[in-house]
Amino acid sequence: MKLLRSLLIAAYALFALLPLLWMALTSLKTRDDTIRQAARVVPVLARETAPESLAFPATLAAYSELNEVHVGAVQSFWEHLWHSLVIGACSTLASVGLGTLAAYGFSRFRIAGARDWLFFVLSTRFMPPLAVVMPILLVYRRFDLPGTHLGLVLLYTAFNLSLAVWLMKGFVDEIPRAYEEAAEVDGYSRLAAFRTIIVPQASTGMAVTAVFCLISAWNEYGFALTLNHSGAITVPAYFAGLQGNIEGMPWPQVAAGALVFVAPIVLFTVLVRRHLLRGVTFGTIKQ
Amino acid sequence: MDASPGAARGGKLAYACVAPALVFLIAFNVFPLVYNVVLGFTDAELVGSGWRWRGTANYARVFGDPGFAQAVRRTALFVGASVTLELGLGFAAALVLRERFRGRDTLLTALLVPMMLSPAVIGLFWNLILDGNYGILNQTLDALGLPEPQWTTDRAWKFASILLIDVWMWTPFMLLIALAALNSIPAYLYEAAEVDRATRWIAFRRITLPLCAPLCGLAALLRTTDALKQFDLVMAVTGPNDERTQTVSTLLYQVLFRDGRIGLGSAYACLVLVLVIALASVFTRYLDGLRRRSA
């Protein structure tokens, strides 16, 4: 029984992790080695390996070539990563800020129709990007927003607000009201109490919320592809754009870029692992 | 969600807190809805600025289009198949990962990584794994003497390939929630079952399954809302206009952006939104019910 269980765990771990391992190996290859009929799987530190060998000479060339501009693109990977970073960071700050404020309002005050408003907020998460993007694009055109950082920042802020409001509402609800009452007795205004009590007490929640907002902005593709297909192209749209170019996919660079791109996400996943459950269920399940 | 007992009447301050977020959400969600309805009655195009009213001609076309019904059916099939597979596999994985062992927490964190990654980027890379000629999957199958389908180009396999990538990405999500459900079952229930000499199967059917059901239902529901929007993986594997893999979202992309037919595309979008809003209102209420029960 115990052996069977270990085997099952091993099988699942292989299924889950082998594709990522393959990505790491691919990033160390030359392009010719990525498309061989007899795959090479062992990286070795040598200039050459025998043609029929399972070993391939490992190289970091793909990483250093990330600053090259590929056929079908106008900027290098690093420039696209910068776009992703600016858009992700700004929209995350905005959604956590607005989300925390709204969560505080819903948590501490009686607001007419609060329940319906909260349902509305949640239901925005159900909208398929492709079904709402055209009207947004048409309005954006009037203000020259397509292809800019600002355009996607605004959109991702709105997109992530549902998550931010719901998650933060859970975190603010957990802060005992007595703290603020005590502060009010001490003569603090509501605003001062918000700043000196709620914000520090909710800082863990804000950090967790920020991580989830950042990840969904970082990974988003539908809006990025349709609103920013030129100008400030984020990494997912950039990679997709390399498909079908006449030189074929530059697989080592794609793998290297993808690893660089997912590395911060893996790091954040580890950092918020205690709150993962809460984050992915919109705060419905608390641990 | 209701104001708790000590909630104050906030007056202006309360509304100042919630208004910015709500205004944002209305601007980016309600406005496009309304504008979509308007556009759906026109012949607007992506290039060129002139447009004329077309009445309900777009809708006549949409309802007469077998491609739309096909895309809706395929999306439904995708949702059904992916959510079932992911829930089954995730729950099974949770059962074997339930007991503590050394290195379990580290392994769990590693296993959860796929669901945090970008489907567009990772889906693109899966093309290399699934490639019919030099892909590592087919080379492995070859070594084992198994048949080697052309995963991403064979009409019979394309859809399954996209499903496979989705299952790979999202089984961790089900695993995470199923584990939480299993951990919340009090040990004394199993002890009582043992005292009653219940077999492990009976204990599983009478204790484990019913107590896990609400959270697994929640997990299935959250996945359903995402799977309904399926776009990234289809784009990465086959592109938007493949007769075997076109989902509702990629159909919209094809009509709106490749064909540039805004009027027609908006009529499609309106129908999609009607379906989505109906589902969303059922789902949000289910979520709220769960939240209240756990509170």
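Residues numbered from 1 in each chain as written. Chains lettered and ligands numbered in written order. Predicted model: local features only at pLDDT ≥ 70, side-chain atom pairs only at ≥ 80, totals over all residues.

Draft legend 1. Representation of the overall build of chain A within the structure. When helices and strands are counted, chain A shows 14 helices and two strands. Dimensions of chain A, computed from C-alpha atoms along their principal axes, come out at roughly 80 × 60 × 30 Å. Residue burial in chain A is summarised as follows: out of 287 residues, 49% are buried. A separation threshold of at least 6 residues defines the contact pool for chain A, and within that pool the share at least 24 residues apart is 72%. (Helix = DSSP H or I, 4+ residues; strand = E, 2+ residues; numbered from the N terminus. Buried ≥ 20, exposed ≤ 12 C-beta atoms within 10 Å, placed from the backbone. Contact = placed C-beta atoms within 7 Å.)

Draft legend 2. Main features of the domain arrangement of chain A. Residue and element names in this part refer to chain A. Segmenting chain A into domains produces domain 1 (2–59) and domain 2 (71–280). Domain 1 and domain 2 are separated by 35 Å when their C-alpha centres are compared. Listed per partner, the contact involves eight residues of domain 1 and seven residues of domain 2. In terms of residues, the side of domain 1 that touches domain 2 owes the most to one element, helix α1 (residues 2–27), which gives four residues. Here the side of domain 1 that touches domain 2 is composed, by residue class, of two nonpolar, four polar and two charged. (Domains from an automatic or database assignment. Nonpolar A, V, L, I, M, F, W, Y, C, P; charged D, E, K, R; others polar.)

Draft legend 3. The interface of chain B and chain A, seen in detail. Taken residue by residue, the interface counts 85 residues in chain B and 82 residues in chain A. Per-element tally for the side of chain B that touches chain A: the top contributor is helix α1 (residues 12–39) of chain B, with 16 residues. Residues belonging to the side of chain B that touches chain A are distributed by class as follows: 65 nonpolar, 15 polar and five charged.

Draft legend 4. Inspection of the environment of P149(B) at higher detail. All names here are of chain B. By the element assignment, P149 lies in the loop between α6 (136–143) and α7 (158–183). Each C-alpha atom, one on P149 and one on L33, is 43 Å from the other, the two residues being 116 residues apart in sequence. Not counting chain neighbours up to four residues away, the residues in contact with P149 comprise D154 and W157.

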